[in-house]
Amino acid sequence: MEPFLEDSFANPSSIYRAAQDARAAIDRARDEVAACIGAAAAEIIFTGGATESNNAAVKGVALARRQTHRHAITTAIEHHAVLHPMEELEALFGFEVTVVPVGANGIVDPGEIERALRPDTALVSVMWANNEIGTIQPVEAIAAMTRARGIPLHVDAVQAAGYLTIDLRTVPIDLLSLSAHKLYGPKGTGVLYLRRGTPWWPLLTGGGQERNRRAGTENVAGIVGSGKALSLAVQERERRSAQARALRDHLMTRILDGIPGVRINGDTTHRLPNNINLSLDGVHGESLLLGLDLAGIMASSGSACTSGSLDPSHVLEALGLPDEATRSSLRLTVGRDNTRDEMDRTVDVLHGLVTRLRGLSPAVYGA
Amino acid sequence: MEPFLEDSFANPSSIYRAAQDARAAIDRARDEVAACIGAAAAEIIFTGGATESNNAAVKGVALARRQTHRHAITTAIEHHAVLHPMEELEALFGFEVTVVPVGANGIVDPGEIERALRPDTALVSVMWANNEIGTIQPVEAIAAMTRARGIPLHVDAVQAAGYLTIDLRTVPIDLLSLSAHKLYGPKGTGVLYLRRGTPWWPLLTGGGQERNRRAGTENVAGIVGSGKALSLAVQERERRSAQARALRDHLMTRILDGIPGVRINGDTTHRLPNNINLSLDGVHGESLLLGLDLAGIMASSGSACTSGSLDPSHVLEALGLPDEATRSSLRLTVGRDNTRDEMDRTVDVLHGLVTRLRGLSPAVYGA
Amino acid sequence: MYSEAVIDHFNHPRNVGEIEGADTEAEDENPICGDRLHVWLRVAGDRVLEMRWRAEGCAPAIAAASVTSELVAGMPLQEARALDRERITEALGGLPARKAHASALAASALRKALASLPNTET
Amino acid sequence: MYSEAVIDHFNHPRNVGEIEGADTEAEDENPICGDRLHVWLRVAGDRVLEMRWRAEGCAPAIAAASVTSELVAGMPLQEARALDRERITEALGGLPARKAHASALAASALRKALASLPNTET
Ligand SMILES: Cc1ncc(COP(=O)(O)O)c(C=O)c1O
Ligand SMILES: Cc1ncc(COP(=O)(O)O)c(C=O)c1O
Ligand code: FES
Ligand code: FES
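Residues numbered from 1 in each chain as written. Chains lettered and ligands numbered in written order. Predicted model: local features only at pLDDT ≥ 70, side-chain atom pairs only at ≥ 80, totals over all residues. Heavy atoms only, no water.

1. As for the overall build of chain A
Step number 1: If you tally the helices and strands in chain A, you get 13 helices and 10 strands.
Step number 2: Across its three principal directions, the C-alpha atoms of chain A cover 70 × 55 × 35 Å.
Step number 3: When the accessible surface of chain A is totalled, it reaches about 12,400 Å², and 51% of it is carbon and sulfur.
Step number 4: Each charge sign in chain A was given a centre, from 36 positive and 42 negative side chains, and these centres are 4 Å apart. (Helix = DSSP H or I, 4+ residues; strand = E, 2+ residues; numbered from the N terminus. Areas by Shrake-Rupley, 256 points an atom, 1.4 Å probe, with all protein chains shown as cover. Lys, Arg positive; Asp, Glu negative; His and termini not counted. Charge placed at Lys NZ, Arg CZ, Asp CG, Glu CD.)

2. So, the overall build of chain C
Step number 1: Scanning chain C from terminus to terminus reveals five helices and three strands.
Step number 2: Reading the secondary structure of chain C in the N-to-C direction produces α-β-β-β-α-α-α-α.
Step number 3: Rg of the C-alpha trace for chain C: 13 Å, near the compact-globule value of 14 Å for 122 residues, within the 12% margin.
Step number 4: If you line up chain C on its principal axes, its C-alpha atoms span 45 × 25 × 25 Å.
Step number 5: For chain C, long-range pairs separated by at least 24 residues make up 59% of all intrachain contacts whose partners lie at least 6 apart in sequence. (Rg over C-alpha atoms; globule rule 2.2 N^0.38 Å. Contact = heavy atoms within 4.5 Å.)

3. Observations regarding the pattern of salt bridges
Step number 1: In this structure the tally under the stated criterion is 56 salt bridges over all chains.
Step number 2: Salt-bridge contacts for glutamate 210 of chain B lead to arginine 30 of chain B; the nearest nitrogen and oxygen are separated by 2.9 Å. With a gap of 180 residues between them, glutamate 210 of chain B in helix α7 (residues 209-212) and arginine 30 of chain B in helix α2 (residues 17-37) connect regions that are remote in the sequence. Taken as a pair, glutamate 210 of chain B and arginine 30 of chain B share a single burial class, namely buried.
Step number 3: The closest approach of N and O atoms between glutamate 27 of chain D and arginine 36 of chain D, which form a salt bridge, is 3.3 Å. (Salt bridge = Lys/Arg side-chain N within 4 Å of Asp/Glu carboxyl O. Buried < 20%, exposed > 50% of the residue type's maximum accessible area, 1.4 Å probe, protein only.)

4. Side note on the domain arrangement of chain A
Residues and elements named next belong to chain A.
Step number 1: The domain architecture assigned to chain A consists of domain 1 (2-235) and domain 2 (238-360).
Step number 2: With 27 residues of domain 1 at the contact, the number on the domain 2 side is 23 residues.
Step number 3: The interface formed by domain 1 and domain 2 includes 13 residue pairs in polar contact (both at pLDDT 80 or more).
Step number 4: Mapped by element, the contributors of at least two residues to the side of domain 1 that touches domain 2 are α4 (80-93) and α8 (220-235).
Step number 5: Considered class by class, the residues forming the side of domain 1 that touches domain 2 number 15 nonpolar, 10 polar and two charged. (Domains from an automatic or database assignment. Polar contact = N/O pair within 3.5 Å; in protein donor to acceptor, adjacent residues only side chain to side chain. Nonpolar A, V, L, I, M, F, W, Y, C, P; charged D, E, K, R; others polar.)

5. Notes on the sheet that holds strand β3 (residues 47-56) of chain C
Residue and element names in this part refer to chain C.
Step number 1: With antiparallel pairing, the three strands of this open sheet are ordered in space as β1-β2-β3. Two strands bound the open sheet, and with one partner strand each, they are β1 (24-29) and β3. For this sheet, the mean inter-axis angle between neighbouring strands, taken without regard to orientation, is 20°.
Step number 2: Relative to strand β2 (residues 36-44), β1 is paired through six bridges, and the arrangement is antiparallel. In the strand pairing of β2, aspartate 28 is matched with leucine 37. (Pairing = 2+ DSSP bridges. Axes fitted to C-alpha atoms, helices over the stretch in contact; angles between N-to-C directions.)

6. So, the packing of helix α3 (residues 50-65) of chain A against α4 of chain A
Residue and element names in this part refer to chain A.
Step number 1: Where α3 meets α4, the axes come as close as 9 Å, and the angle between the chain directions of the two elements is 35°. Handedness of the α3/α4 crossing: right-handed. Contact with α3, carried on its side by Thr51, Asn54, Asn55, Val58, Lys59, Ala62 and Leu63, involves Ala81, Val82, Pro85, Met86, Glu88, Leu89 and Phe93 of α4 and no other residues of that element.
Step number 2: Split by residue class, the contact of α3 with α4 holds nine nonpolar, three polar and two charged. (Left-handed = near helix turned anticlockwise from the far one by under 90°.)

7. What to know about the site of ligand 1
Step number 1: Near ligand 1 there are 13 residues, and of these Thr51, Asp156, Gln159 and Lys182 of chain A together with Thr217 of chain B occur at the shortest range.
Step number 2: Each of chains A and B places residues next to ligand 1.
Step number 3: Within the backbone of alanine 50 of chain A, one N or O atom sits 3.4 Å away from an oxygen atom of ligand 1.
Step number 4: Between an oxygen atom of ligand 1 and a side-chain N or O atom of glutamine 159 of chain A, the distance comes to 2.9 Å.
Step number 5: Within the complex, 95% of the 390 Å² of free accessible area of ligand 1 lies under protein.
Step number 6: At three residues, α3 of chain A tops the list of elements feeding residues into the shell around ligand 1.
Step number 7: Across the shell around ligand 1, the residue classes break down as three nonpolar, eight polar and two charged. (Near = heavy atom within 4 Å.)

Laid out in structure tokens, this is it:
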């Protein structure tokens, strides 16, 4: 019987017995997530998504250190949920932010980060793997450098978590963002790893939840789902990676062999096993997406006009791609449930579509 | 068939057909919420909870206006998710914050707000109804004042939504926080009403979701549940209010009649129909909670040591209650599914418990 | 997201190709998006007889070119000169707000071709 | 959240009450929480014979007083003087971190009572 009271009943930080189950479920999820990345449970904070994790990480460290440190470093291919908070540090707090470029292969040179370090560098934020081109960044080398200088390092591992080994006992990263919804978990819930002792100014203040590091009644269902999705993804990592790689490589080989005028964007070896990013001469990415979508195949593009904004992909621009190549870009991501037949069908649909679209063009391609 | 790609599949801002359903569901929820409070759908932002709504509201307006306005006004009985962001404005941006006191009845005098207004007041934040003592604030009078001076007004309506009529066509509030989980909806999802044209600096930046006012992949399930819970609560408002009031009044009368040494905290008429807040001489709130809990009855207390923090309730302190009264306070909230029998049983359990605990005391009470 | 008409024109574009010995032709480009459109027209007296086109661009840009080629067939020159993006968007059954500019390319390429016509009438 | 022992002592507190003609007694208060505890002791030779108490406070403070009254019955004075909050917490089967200080009141009230004993031994 629970005559009273919806309020505390719903709130897993309350002391009541009815709330104990929710509390215990959250604690189990915390243990699961911690185990996935070699962290202590007390270092895991649940958030409302990877965007919040990234915002909280960048602003959290910078604001905590702002009185003595007014410089931050990131790379040109970060997610906007890192880049925009960095711009806020400039606009609101007079920070200087060094945005380190990447090579034409979409990988940052740790030497460039090292050269950008200053005595007043508050933090460095580098993603583990890029969401558009799948390139894997040398975070181990960067972590060694930042740790040696006592500078907190934030890593956006949203895309890496399903495919790469993340062991924070061996890689001295201080803050790490994760999201379960890229791993078949619920949307609108995320994780922030915060190494013990990292300077911290909370993004959300209010109640004392998450040990005063993130206020707000917890999304219990989302947290439980996140714990499950992450630990399942880690358990299955090797199998899923091998499977994705086999399918991806098959798809890529068939596209490169069968369709003329195609180039790959981003490094081909230091790359997530599930990602392909191509530019297809003379076709517009948005037209490719629609054509594929009409055939039941989902993809994305770095072209302007596809994302709801009119800006082309800042990631592809950072590789130094010409406008045409960005406009004609196509990203395909291999999922857990995909089959080899689907890869073949995708190549066929894409081939037909590209041929048809090039046939409409005033220019002559691959003919 | 959805061979590709978990990524865009999961993301309701993408252009793909598979994402259209999620998008449409979010839009329906937005319409539902807007209809509940007399707003336009475009003025509704979904957040990760009322804590985020409050943080976003206070910081969002203040940061947008910071170059010309460095003053903010709030009251002493706001939720910490308003008070702590206010403190951040002081610490990070050199704001001055006027915390207006309340009367001994827990209600703010609009004249006090008026006297606190300055030419550089960036915003005013006043809650509609208090979560501990249920007192209802004169937000209409305050809104008329702030509107006349062009100062944005934020109202935390989390506790009010289920019991009071909220019609933003007639009350010129500029920002309003709501949460479905107080209304039997999901946890970890909230609503922020943002009147068209209100100065805005987003708390979460990144992708362009929610028209650039709140970045991050949306918690689709939570949003849908929130829309449902809120619109159901509004439909049932009169019935639920009448029912809660009848039960609450019965409970209150029986307690006052049956148990000596009890006083009511907060105004008895301008008060939510579901809330009781008492102080019971000579017993410790935390002991009452445990005793009630062991009998299956949930309650809460403003005593230190019950909330996870060691601070006694700032709300009860703001009423000017002596320490003993805060320590011995008990909040009972009548829920949707409660019955008259449960009220009677609660009085009996409480009576027995108070008698027993007073019997342990070195002092002599009500004997 | 797109209307039936846009998808139909995207899948089955009408009047694609060149016109040998066209009375006028023009190529235009949307400088922001990079979409390109080349149109060829046959004209007789004060009417457009036929429009053909080639395009490289997004789906609504292709659909806009296609529907424009249908709209102008047999259309008085004066009316064709006044054909604006709103009318093209309407003929497509509407466009999402952020793609509304896709019709502009078709309207401007057509206008450009008509402008270079030897001025026979009026 | 609370151990079985805490709940048992809260529901069935042992040795509640005063001792008429006690050998010593003392009252103490936790200044932060406002919890109050009064203890009465009977002592014979170098042993505590009996402790009785009255308390106003939170559940673990009540349970701590109760379990302390059991612990000290028959205990050598020297051992009773050394009884600390850790030992009381242990006897309660542990306390949640944020309530760990609840045992302190029992330990300090006991120590205060023992300190005011006419110093018979040593
Ligand atoms: C690398 C990376 N970081 C952060 C995010 C933001 O995640 P969310 O939209 O779930 O908040 C994404 C989402 O696409 C991402 O790919
Ligand atoms: C008045 C009020 N505002 C804000 C909040 C914060 O809500 P949440 O914990 O869901 O973020 C609460 C929750 O108790 C509340 O009662
Ligand atoms: S991309 Fe075609 S109109 Fe912008
Ligand atoms: S309230 Fe009892 S120990 Fe703090």
